[in-house]
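Close look at the chain arrangement
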Amino acid sequence: ARDGGGGGGGDDDDDPYFNTLMRILATRCMTPAQYFCSGELAPQHWHHYGLAAPIYTHFTSPIRRYADVVVHRLLAAALDAAPLPTAYTRSHLNDLCTN
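The structure reproduced in this document is the subject of the present report. (Residues numbered from 1 in each chain as written. Predicted model: local features only at pLDDT ≥ 70, side-chain atom pairs only at ≥ 80, totals over all residues. Heavy atoms only, no water.)

1. Structural notes on the overall build of the protein
Broken down by element type, the protein carries three helices and zero strands. Listing the helices and strands of the protein from first to last along the sequence gives α-α-α. Scored against the burial criterion, the 99 residues of the protein give a buried share of 10%. Working note: accessible area of the protein is about 8000 Å², and carbon and sulfur atoms make up 59% of it. (Helix = DSSP H or I, 4+ residues; strand = E, 2+ residues; numbered from the N terminus. Buried < 20%, exposed > 50% of the residue type's maximum accessible area, 1.4 Å probe, protein only. Areas by Shrake-Rupley, 256 points an atom, 1.4 Å probe, with all protein chains shown as cover.)

As structure tokens, this is what we get:
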């Protein structure tokens with residue numbers, strides 16, 4: 001049951017339906033992620049609106065998605081930990097991002 005008030009005593013945290021509704025309402029206005037090459041867009045477009053971060057990249061384990069594999073390889077090359085794959089031209093990376 002809802003406590004009907006402004007905090008304290010309610011069990012909303014344990015209600016999966018309420019939690020799902022709140023997640024949907026909180027994220028509905030967000031646009032889906034867009035992948036792009038930083039060299040193709042001006043820096044003012046690199047921000048993450050929801051995190052209020054001026055520069056942002058996101059990746060998970062490189063076994064998850066190919067986009068994450070690409071980001072890991074680019075990061076490794078930027079840190080001089082591994083060579084940049086020769087297939088990774090700006091044009092090729094831009095094509096990957098738009099698919």
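Now that the structure has been shown, we can carry on.
2. Looking at a nonpolar patch on the surface
Residues Leu-21, Met-22 and Leu-25 make up a contiguous nonpolar surface patch of about 270 Å² in total accessible area. Structurally, Leu-25 is set in helix α1 (residues 16-27). Note on Leu-25: relative accessible area 46%, which makes it partly exposed. (Patch = residues over 30% accessible without salt bridge, like charges linked within 9 Å, V, L, I, M, F, W, Y side chains within 5 Å. Salt bridge = Lys/Arg side-chain N within 4 Å of Asp/Glu carboxyl O.)

3. Brief notes about the environment of Gln-44
Turning to its location among the elements, Gln-44 is positioned in the loop between α1 and α2 (66-78). Judged by relative accessible area, Gln-44 falls into the exposed class, the value being 58%.

4. Thoughts on unusual backbone geometry
Positive phi, normally seen in glycine, also occurs at Asp-80, with a value near 60 degrees. One can find Asp-80 in the loop between α2 and α3 (90-98). Residue Asp-80 is classed as exposed on the basis of its relative accessible area of 70%.

5. Side note on α1
If you check α1, its first and last C-alpha atoms are 16 Å apart, about what twelve residues at 1.5 Å a residue would give, namely 16 Å. By the N-cap criterion, in which a side-chain oxygen at the helix start approaches the backbone nitrogen of a residue two or three places on, α1 is capped by Asp-15, the distance to Tyr-17 being 3.0 Å. (Expected span 1.5 Å × (residues − 1). Polar contact = N/O pair within 3.5 Å; in protein donor to acceptor, adjacent residues only side chain to side chain.)

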